[in-house]
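Remarks on the overall topology
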Amino acid sequence: MQKRTLVWDLPLRIFHWALVSLIFAQWLTAEVLEGYMDYHAVFGYTLLGLMIFRLLWGFVGPKHARFNDFLRGPKAIWQYGQSLFSRHQPTYTGHNPLGALIVPAILIVVGTQAVSGLFTTDDVLFNGPYYPAISSELQGTMQWLHHKMFDVLLVIIALHVLAITSYQFLLKKPLIGAMFHGHKNVQSKSGISSSRWPLAIVLALIIFIFMYWLVVIAVPEIELDYYY
Ligand code: HEM
Ligand code: HEM
């Protein structure tokens, strides 16, 4: 019997909407506003922390957050893709095989964006903390990645939002609300019984300490020559 059941745990929902807000903030602080590079860096570190969190949550989080619950092979993805053109699509409690690709895609692209930022400069006043520690050739590659990956990210976001709004309004599947309140009308035994938030808090604390070490304590002190 179908019942209103918890599907998306609270840490996953916080992850999702923090990700959305911070990516918007990154665009704003780098491309719209001037003089906000310090904020851009802190938001970037937070995004890197979020990527580490989601990676670990994919192994230790509740059922529908786990990679082994939603990552399928090419055949399953292809078959699901074809079913979208038929009258009835199979229903999944968590991610469907095609939509699930957003998770590895975001981990790779946002992860690359955040890591390359650590080695990037704006050529004026701001250097990423590890910029002086690498060769000038690598600096060029990192800068190139930091510019290009954002375009890739925008394409992924556009496809994702287009897919979600099509499910919501054309196929009448209420996915958007579920990413806020976490519940769907499904077989109650296919849902989750808890959000495991105490575990999420411990993970978040460990990641915070790691990030502090990475961008404050471990940063190499290299004197730069400035010419005025
Ligand atoms: C910067 C923009 C966005 C990014 C980077 C993004 C990223 C993601 C990621 C990574 C997931 C997988 C969640 C997980 O398992 O960790 C996801 C799922 C989801 N997102 Fe977004 N998202 C964005 C914008 C939006 C917007 C604007 C909406 C609402 C209109 C939305 C609605 C959803 C929904 C409903 C799901 C669950 C899909 C399902 O049921 O399988 N997202 N998103
Ligand atoms: C996922 C996290 C991040 C996102 C989404 C992001 C996004 C962006 C975007 C869209 C730009 C503008 C690029 C352009 O003008 O074409 C930019 C520039 C820049 N970002 Fe990030 N960034 C992130 C993380 C970081 C981090 C962690 C740092 C350093 C601590 C950083 C440092 C910079 C610098 C120095 C620039 C200026 C580059 C230039 O003017 O050539 N970013 N970033």
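Remember, it's a predicted structure, so these values are computed and weren't measured experimentally.

Cut-off values and rules
Residues numbered from 1 in each chain as written. Chains lettered and ligands numbered in written order. Predicted model: local features only at pLDDT ≥ 70, side-chain atom pairs only at ≥ 80, totals over all residues. Heavy atoms only, no water. Helix = DSSP H or I, 4+ residues; strand = E, 2+ residues; numbered from the N terminus. Buried < 20%, exposed > 50% of the residue type's maximum accessible area, 1.4 Å probe, protein only. Lys, Arg positive; Asp, Glu negative; His and termini not counted. Charge placed at Lys NZ, Arg CZ, Asp CG, Glu CD. Donors = N, O, S within 2.8 Å, 3.2 Å for Na, K, Ca; no water. Tetrahedral: all angles 85-135°; square planar, octahedral: opposite > 155°, others 65-115°. Expected span 1.5 Å × (residues − 1). Arc of directions from axis to C-beta. Contact = heavy atoms within 4.5 Å. Near = heavy atom within 4 Å. Polar contact = N/O pair within 3.5 Å; in protein donor to acceptor, adjacent residues only side chain to side chain. UniProt positions renumbered as here; feature names shortened; annotations may be inferred. Axes fitted to C-alpha atoms, helices over the stretch in contact; angles between N-to-C directions. Parallel < 35°, antiparallel > 145°, perpendicular 65-115°, else oblique. Left-handed = near helix turned anticlockwise from the far one by under 90°. Nonpolar A, V, L, I, M, F, W, Y, C, P; charged D, E, K, R; others polar. Core = buried A, V, L, I, M, F, W, Y, C linked by side-chain atoms within 4.5 Å. 1 Å grid on protein atoms, 1.4 Å probe; cavity = no way out; pocket = protein on both sides within 12 Å on 5 of 7 lines; lining within 4 Å. Sits in = over half its atoms within 2 Å of the grid points.

The next subject is the overall build of the protein chain. Scanning the protein chain from terminus to terminus reveals eight helices and two strands. When the helices and strands of the protein chain are placed in sequence order, the string is β-α-α-α-α-α-α-α-β-α. Projecting the C-alpha coordinates of the protein chain onto the three principal axes gives extents of approximately 70 × 40 × 30 Å. In the protein chain, buried positions account for 41% of the 228 residues. When the 15 positive and 12 negative side-chain charges of the protein chain are each reduced to one mean point, those points stand 35 Å apart.

Let us look at the coordination of the iron atom of ligand 1. Ligation of the iron atom of ligand 1 by protein atoms is provided by His16 (NE2) and His160 (NE2), these donors lying 2.0 Å from the ion. Note that the iron atom of ligand 1 binds six donor atoms; their angles at the metal cover 87 to 179°, and the shape is octahedral. A residue pair is termed long-range when its members are at least 10 positions apart, and His16 in helix α1 (residues 10-32) and His160 in helix α6 (residues 136-169) qualify at 144 residues. Judged by its relative accessible area of 26%, His160 is partly exposed.

For helix α8 (residues 197-217), with 21 residues, the first-to-last C-alpha span of 29 Å sits near the 30 Å given by 1.5 Å per residue. For α8, the complete set of buried residues consists of Ala200, Leu203, Ile207, Met211, Leu214 and Val215. Here the buried residues of α8 occupy an arc of 85° about the axis, which is enough to place them on one side. In α8, the exposed positions angled more than 90 degrees off the buried face are occupied by Leu205, Ile206, Phe208, Ile209 and Ile217. On its buried face, α8 sits against α1 and α2 (37-60).

Now for the site of ligand 1. Contacts to ligand 1 come from 21 residues, most closely from His16, Arg54, His95, His160 and Leu175. Between ligand 1 and His16, the relevant distance is 2.8 Å, taken from a nitrogen atom to a side-chain nitrogen or oxygen of the residue. The side chain of His160 places a nitrogen or oxygen atom 2.8 Å from a nitrogen atom of ligand 1. Counting only elements with at least two residues in the shell around ligand 1, the list comes to α1, α5 (102-117), α6 and α7 (175-181). Considering each element in turn, the shell around ligand 1 owes the most residues, seven residues, to α1.

Take the UniProt feature "domain: Cytochrome b561 bacterial/Ni-hydrogenase" (unreviewed entry) in the protein chain next. Listed under "domain: Cytochrome b561 bacterial/Ni-hydrogenase" (unreviewed entry) in the UniProt record, and renumbered for this structure, are residues 7-182. Counted over residues 7-182, helix gives 67% and strand 0%. Its end C-alpha atoms are 6 Å apart.

Here we take up the coordination of the iron atom of ligand 2. Protein coordination at the iron atom of ligand 2 comes from His40 (NE2) and His146 (NE2), with a distance range of 2.0 Å. Note that the iron atom of ligand 2 binds six donor atoms; their angles at the metal cover 87 to 180°, and the shape is octahedral. Of this pair, His40 sits in helix α2 while His146 sits in helix α6, placing them 106 residues apart in sequence. The pair His40 / His146 is uniform in exposure class, with both members buried.

Direction vectors running N to C along α1 and α2 enclose 150°, while the axes themselves pass 9 Å from each other. The angle between the axes of α1 and α2 places the two elements in the roughly antiparallel class. Here α1 and α2 pass one another in a crossing that is left-handed. Contact with α1, carried on its side by Pro11, Leu12, Phe15, Ala18, Leu19, Leu22, Ile23, Ala25, Gln26, Thr29 and Ala30, involves Met37, Tyr39, His40, Phe43, Gly44, Thr46, Leu47, Leu50, Met51, Phe53, Arg54 and Trp57 of α2 and no other residues of that element. When grouped by side-chain class, the residues that make up the contact of α1 with α2 number 17 nonpolar, five polar and one charged.

Let us now look at the nonpolar core. The biggest cluster of nonpolar side chains holds 25 residues, and the ones touching the most others in it are Trp57, Leu118, Met211 and Leu214. When residues of this core are traced back to their parent elements, those giving at least two are α2, α7 and α8. A total of six residues in this core trace back to one element, the largest contributor, which is α8. Listed in part, the 20 residues of the second largest apolar core include Met51, Ala100, Phe150 and Leu153.

Turning our eyes to something else, we now look at the site of ligand 2. Neighbouring residues of ligand 2: 23 residues in total, closest Gln26, His40, Gly117, His146 and His147. Here a nitrogen atom of ligand 2 sits 2.8 Å away from a polar atom, N or O, in the side chain of His146. Contacts to ligand 2 include His147, whose side-chain N or O atom sits 2.9 Å from an oxygen atom. More than half of the atoms of ligand 2 fall within 2 Å of the grid points belonging to the second largest pocket. When residues of the shell around ligand 2 are traced back to their parent elements, those giving at least two are α1, α2, α5 and α6.

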